[in-house]
Amino acid sequence: PMADLRAALWLKQNFLQRVSQTTGDLRKSISRWADENIVVTKKTVAMRFHESLGYAWAKVQQAWNIEVSRYEETTPTGGKIERKIVLGTVIKALLFFAIAYYLASRLSRRLQGVVVRRIHMGEPQANTLRTWLMILVGFGLAVATLNALNIPLTLFAFFGGALAIGLGFGTQTLIKNFISGIIVLFEHRIRVGDVVDIGGGMAGSITEINTRSSVLRGADGRESLVPNSVFLENTITNLTLSNRALRRFILIGVDYLSSPQEIITILEECADRHGLVMKEPPPQVLLQDFAENALLFRLYFWVTLDGKANPELVESDLRLMIGKRFAEAGIQFPFPQRDVHLKLDPDTRLNISNPPATERPS
């Protein structure tokens, strides 16, 4: 058995040696053939960049020519030509619209400044007018862009029909407010800066008139969004429609021992001394009533709603001034008084005395 095993191992070793020698000869032959027939070209960095750039440009052109839509165009002879819209055309349309809208926006801002300086239009009114103008410009640019790039509007017929159905059923309020905003803007009955009262405890100044709603800023600084249709459907009180003058009044009561003429003089003097009270029309004092406990006077005065005069603050100032002048003149403010009359029989004896200090109620 040992002789047989030794013989088998010897045969295996010879086989492996022959295989190794054959493999080495084959590798040498392949290397010799490669050296004689294959020429390896070493590429520079510039050549590699040029090839990469060409590959990228080919991919861009391929994406640029991706078909987006097809349509049929009728020729003057009555025939039909099938045309297609590629992605590149859509990109050019979007770029053209964005650049044109940006230039129009810059131009409108300059025109807004000219209008404010030369025509003396208020800044809020000019800003509102510019907003509406840019909406019209955007719509015109969209149509012009489609025509310039030969994109027919018939492509949007389906979308337009679907949009019309949506507008008819789902956006009635939006369209109503949009049209109401246009009417409000061109009627000039309600303008930016006007002080209005729309009822329901909502009053303030109009700061913006937008496409759907307007911004109402109250005296407390809160801003409310009011739909534009409210200005046409409801009764609105515009305190600054024809002028910005507002009449206010304060009520004053004094005791019956005071001279009415002196009271009128003091009230008129206090109103004349206040710098925010208008001189024309002049303040007016009226004796309103002989009340139960006092003589009631009403002081009427006018203030200008120009953002500087706060009517409530003016009323407070006048009350402080009147209180100081009354104190200097010795005029008393009244308080509730009652006269008690006792009707006694002749035989009734009435003894009124002060109780001791210890028995007095606290």
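Details of the structure are given in the entry above.
Okay, so let's go over this structure. Values in this document were obtained by computation on a predicted structure and should not be read as measured data.

Calculation rules
Residues numbered from 1 in each chain as written. Predicted model: local features only at pLDDT ≥ 70, side-chain atom pairs only at ≥ 80, totals over all residues. Heavy atoms only, no water. Helix = DSSP H or I, 4+ residues; strand = E, 2+ residues; numbered from the N terminus. Buried < 20%, exposed > 50% of the residue type's maximum accessible area, 1.4 Å probe, protein only. Areas by Shrake-Rupley, 256 points an atom, 1.4 Å probe, with all protein chains shown as cover. 1 Å grid on protein atoms, 1.4 Å probe; cavity = no way out; pocket = protein on both sides within 12 Å on 5 of 7 lines; lining within 4 Å. Points joined across faces, edges and corners; volume = space filled by probe spheres on them. Pairing = 2+ DSSP bridges. Salt bridge = Lys/Arg side-chain N within 4 Å of Asp/Glu carboxyl O. Phe/Tyr/Trp six-rings, centres within 6.5 Å; stacked < 30°, edge-to-face > 60°. Lys NZ or Arg CZ within 6 Å of the ring centre and 35° of its normal.

### A few points about the overall build of the chain
For the chain, the helix and strand inventory stands at 9 helices and 10 strands. Sorting the 362 residues of the chain into buried and exposed places 23% on the buried side. Put simply, the chain shows about 26,900 Å² of open surface, and 60% of that area lies on carbon and sulfur atoms.

### Points about the layout of surface pockets
Computed from the structure, the largest pocket encloses a volume of approximately 620 Å³. Taken together, 24 residues line the largest pocket, and the ones lying closest to its centre are Val 195, Ala 219, Leu 305, Asn 310 and Pro 311. Broken down by secondary-structure element, the contributors of at least two residues to the lining of the largest pocket are β3 (195–199), β4 (202–209), β8 (245–254) and α9 (311–329). Sort the elements by how many residues they give to the lining of the largest pocket and β4 lands first, with 5 residues.

### Considering the sheet that holds β3
Taken together, the 5 strands give an open sheet; going across it, the order is β6-β5-β4-β3-β7, and neighbouring strands pair in antiparallel fashion. Both edges of this open sheet fall to β6 (223–227) and β7 (237–238), since each of them pairs with a single strand only. Relative to strand β5 (residues 213–217), β4 runs antiparallel, the two being bridged by 4 bridges. Bridge assignment links Ile 209 to a residue of β5, and that residue is Ser 214.

### Some words on the pattern of salt bridges
In the structure shown here, the tally under the stated rule is 8 salt bridges. Taking the shortest distance from any N to any O, the salt bridge between Arg 191 and Asp 194 comes out at 3.3 Å. The class for Arg 191 is partly exposed, based on a relative accessible area of 27%. A cluster of three or more residues bridged by salt bridges with shared partners is formed by Arg 248, Glu 315 and Arg 319.

### Describing the packing of aromatic side chains
Within this structure, the stated rule accounts for 3 aromatic pairs. Relative to Tyr 300, the ring of Phe 249 lies with its centre 5.9 Å away and its plane at 45°, an arrangement referred to as tilted. Taken as a pair, Phe 249 in strand β8 and Tyr 300 in strand β10 (residues 295–304) lie far apart in primary sequence, 51 residues in all. By relative accessible area, which is 38% here, Phe 249 ends up partly exposed. Consider the rings of Phe 326 and Phe 333, whose centres lie 5.4 Å apart with planes at 45°: the pair is tilted. For Phe 333, a relative accessible area of 43% puts it in the partly exposed group. It is Arg 298 that lies over the ring of Phe 249; its NZ or CZ is 4.2 Å from the centre.

This is a description of form; function is not addressed.
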